[in-house]
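# Structural characterization, general
In case you want the letters, here they are:
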Amino acid sequence: MKKARFPLLIIFLSIIYYPIFGQTILDAQDYLKFIENKGQWNDDFLFKSTIPNGNLFLKKNQLIYNFVDGQKYGKLIKNLHDHSTDSTEDDSIRLHAFSVNFLNANPYPTVFGENAFTEKRNYFLGKTQASNVQAFQKIIYKQLLNQIDLYIFQLGNSLKYEFHLAPHANPH
């Protein structure tokens, strides 16, 4: 019974979670780049970034982190590629997600990318087409809170953020 479940699990994960987690394991060139969403992904987030063992989705007033057990997922994908069905292997994968919501935030901050990478991307997914999609090194939330801007960027191999306060801004 377990042998029959393994290929079904891989197919399910590949179809359902590859758009979310697949790039985490497979596309290191997208690591910590903020890719704009021009409709190529079916959700209302503005930017997506591949982070270690997961993805970060940036919305107007929310950051959503999705994490997967990278070792386990990588092993399952490798087994699929190698046509291996080790029946002794536990075929469950742990997924975790959490969101950061900014309380009392401006409902309509200006959110934009800065320091664009030179490459442009084109997505053709069935009837969905997104052309000249850009990736950025930094995302800025202008006026996320009253007189407070949020900067999200890569520093070395780490994701960093800074809050920039205008003179006389009240962080409370």
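Residues numbered from 1 in each chain as written. Predicted model: local features only at pLDDT ≥ 70, side-chain atom pairs only at ≥ 80, totals over all residues. Heavy atoms only, no water.

## As for helix α3 (residues 70-81)
To be explicit about the condition: Secondary structure is summarised from DSSP: a helix means a run of H or I of at least four residues, a strand means a run of E of at least two, and numbering begins at the N terminus for each. Multiplying 1.5 Å by the helix residue count minus one yields the expected span of that helix. Type-normalised accessible area, obtained with a 1.4 Å probe on protein chains alone, sets the label of each residue: buried when under 20%, exposed when over 50%, and partly exposed for intermediate values.
Given a rise of 1.5 Å per residue, 12 residues ought to cover 16 Å, and the 16 Å separating the end C-alpha atoms of α3 matches this to within 8%. Taken together, the buried positions of α3 are occupied by Gly70, Lys72, Tyr73, Leu76 and Asn79.

## Here we look at the packing of aromatic side chains
What counts, and what does not: Two rings belonging to Phe, Tyr or Trp (six-membered ring only in the last case) form a pair when the distance between their centres is within 6.5 Å. Interplanar angles under 30 degrees mark stacking, angles over 60 mark edge-to-face geometry, and anything in between is tilted. Here, over-ring charges are defined by two tests on the NZ atom of lysine or the CZ atom of arginine: distance to the ring centre within 6 Å, and angle to the ring normal within 35 degrees.
Enumeration over the complete set of coordinates arrives at 8 aromatic pairs. An angle of 85° between the planes, with centres 6.0 Å apart, marks the rings of Phe47 and Phe136 as edge-to-face. With Phe47 in strand β2 (residues 47-51) and Phe136 in strand β7 (residues 128-145), this pair connects stretches of sequence that are 89 residues apart. Against the face of Phe117 rests Lys33, its NZ or CZ located 4.6 Å from the ring centre. Positioned over the ring face of Phe153 is Lys138, at 5.9 Å from the centre of the ring.

## So, the environment of Leu150
Test applied: Any two residues whose heavy atoms approach within 4.5 Å are treated as being in contact.
For Leu150, the location among the structural elements is in strand β8 (residues 148-155). Judged by its relative accessible area of 2%, Leu150 falls in the buried class. Taking the C-alpha atoms as reference points, Leu150 and Glu162, 12 residues apart in sequence, are found 5.8 Å from one another. In contact with Leu150, not counting residues within four places along its chain, are Phe102, Ile139, Ile140, Tyr141, Leu144, Tyr161, Glu162 and Phe163.

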